[in-house]
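Spelled out from the first residue to the last, the chains are:
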Amino acid sequence: MQETSGWQTLLINVHIATMSENEQGYGVIENGAIAISDGKIVWLGEASKLPNYPQEQVDVIDGGGRWVTPGLIDCHTHLVFGGSRANEFEMRLNGASYEEIANAGGGIVSTVAATRQASKEELLAGAQQRLSALMSQGVSTVEIKSGYGLDIETELKMLAVAQTLADSNPVTIQKTFLGAHALPKEYSGDADGYIDLVCNEMMPKVAEQGLADAVDVFCEGVGFNLAQTQRVFDAATKLSLPIKIHAEQLSNLGGTELAASYQALSSDHVEFLDEQGVKAMASSGTTAVLLPGAFYFLRETQLPPIELLRKHGVSMAVATDTNPGSSPLCNLQLMLNMACTLFRLTPLEAIKGVTINAAKALGLSNVKGQLKVGMDADIAIWNIEQPASLCYQFGVNPLHTLIVNGQQVVEN
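Each chain has its residues counted from 1, running along the sequence as written. Where local features are concerned, this predicted model is filtered to residues with pLDDT of at least 70; where side-chain atom pairs are given and counted, the filter is 80 or more; whole-chain, interface and lining totals use all residues. Excluding hydrogens and water, the side-chain figures rest on all heavy atoms present in the structure.

### Considering the layout of surface pockets
Quick reminder of the rule: Cavity means a closed set of points on a 1 Å grid over the protein atoms alone, one where a 1.4 Å probe fits but cannot get out, pocket means an open set with protein on both sides within 12 Å along at least 5 of 7 lines, and lining means a residue has an atom within 4 Å of a point. Grid points are joined across faces, edges and corners, and a volume is the space filled by probe spheres set on the points. Amino acids are sorted into nonpolar (Ala, Val, Leu, Ile, Met, Phe, Trp, Tyr, Cys and Pro), charged (Asp, Glu, Lys and Arg) and polar (every other residue, Gly among them). Throughout, the edges of the domains are those of an automatic or database domain assignment.
Here the second largest pocket defines a volume of roughly 250 Å³. Lining the second largest pocket are 15 residues, with V314, S315, M316, K352 and N357 sitting closest to its centre. Along the lines of polarity and charge, the residues of the lining of the second largest pocket split into five nonpolar, four polar and six charged. When residues are assigned to domains, the lining of the second largest pocket turns out to be shared by domain 1 (9-70 + 370-411) and domain 2 (72-362), each giving three or more.

### Let's talk about the domain arrangement of the protein
Accessible area lost upon the coming together of the parts is a frequently used measure of interface size. To keep it simple, the criterion reads: Buried area is calculated as the accessible area (1.4 Å probe) missing from two parts once they are joined, with the contributions of both summed. The salt bridge definition used is simple: a Lys or Arg side-chain nitrogen within 4 Å of an Asp or Glu carboxyl oxygen. For this analysis, a polar contact is any N or O atom pair within 3.5 Å, provided that within protein one partner can donate a hydrogen and the other can accept it, and provided that sequence-adjacent residues contribute only side-chain to side-chain pairs. Strands here mean DSSP runs of E at least two residues long; helices mean DSSP runs of H or I at least four residues long; both are numbered from the N terminus.
Domain parsing of the protein yields domain 1 (9-70 + 370-411) and domain 2 (72-362). Contact between domain 1 and domain 2 buries roughly 2,000 Å² in total, counting both sides, with carbon and sulfur atoms accounting for 68%. Ranking the residues of domain 1 by area buried against domain 2 places M19, C391 and F394 at the top, with a combined share of 31%. Taken together, domain 1 and domain 2 are joined by one salt bridge. The partner of E21 in a salt bridge is K360, with the nearest N and O atoms 3.8 Å apart. Between the two partners, domain 1 and domain 2, sit six residue pairs in polar contact (both at pLDDT 80 or more). Where the side of domain 1 that touches domain 2 is concerned, the elements lending two or more residues are β4 (59-70), β13 (379-382), α15 (389-392), β14 (399-404) and β15 (407-411). Tallied by class, residues from the side of domain 1 that touches domain 2 come to 17 nonpolar, six polar and two charged.

Here it is as structure tokens:
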């Protein structure tokens with residue numbers, strides 16, 4: 001007999017897209033119900049099969065025949081930063097070259113300067129605004145990277161702000177140390193010296209203060225080479241920190257293959273990834289994080305190797321890459337549409353990309369990204385006619401209610 005004495009909340013009169021990897025398609029359960037206790041899903045199925053439960057102690061939520069999915073997961077963001085790059089956007093569209101913008105103090109250097117100058121309170125205010133926007137769209141888990149400090153003090157400040165967001169918001173925040181994001185001006189011409197700083201001073205302090213759940217590297221011609229990336233990975237491994245990588249966005253340096261050899265959680269961007277790199281990801285279980293916002297904003301033409309990723313069974317996640325320079329787009333629902341229209345993902349692939357596969361990219365697939373017994377009760381309730389509607393229309397927010405750890409946190 002089903003144990004129901006501990007039930008606290010019961011969601012009824014809903015159609016469920018479980019997104020479970022054990023189910024075909026969306027894992028649809030029509031006319032379903034979900035029982036919640038202590039922030040976890042304890043029963044899920046067709047309402048006609050509901051066991052008897054103590055009605056006097058259970059808070060019943062009538063979903064009104066709406067669809068529910070797992071809470072969405074934005075698994076790649078740079079939500080914490082100072083300043084704005086709107087002036088560069090205008091300069092570029094008025095014909096200024098990259099060099100002219102850089103000489104005017106633009107590019108990532110301007111964001112680094114603004115982030116260094118900003119107080120924790122200023123960084124927190126901007127990041128909270130962006131996080132609140134994501135929450136209003138049904139996002140219940142967000143990854144936040146550092147990487148706009150490029151010195152010990154500011155990298156720690158950025159991660160501390162991310163921790164404050166985690167402490168003051170109901171959603172789950174995963175923090176990623178991205179000290180190896182770019183070369184700061186004070187280390188111009190000495191990338192190896194800067195990697196020494198990242199590995200020997202920054203990362204140990206980050207780990208000591210418990211401020212990171214993973215370590216990331218921007219492995220590119222304009223970032224860091226394979227040897228420097230490997231040094232960061234080795235240092236992270238010694239500190240038992242999982243690995244992620246920005247790779248194959250602008251060229252194919254083999255960063256993804258290197259990361260896969262370390263069982264990286266994810267390789268992100270991957271527009272120039274080849275079949276050898278895809279095979280390496282398949283062998284290591286590394287998730288490909290697709291970032292259509294950066295592809296769109298930079299007007300790129302090289303598409304990620306979607307067919308190869310499908311062929312070799314590599315999990316594909318989708319994220320906003322929210323940042324001031326290459327993807328100032330803080331809307332995961334927009335990314336669903338872009339993933340389908342620009343990258344030709346199916347709606348099912350796109351929605352998996354912000355649920356079950358996004359959870360894999362963060363190492364959270366045992367608790368997030370699916371609706372099934374034992375998982376966290378992160379549930380989005382939508383005013384839609386079918387799951388594909390989440391990818392189809394943009395500009396009218398279909399979110400009705402967001403439940404995180406069993407508690408209603410957004411109601412539209």
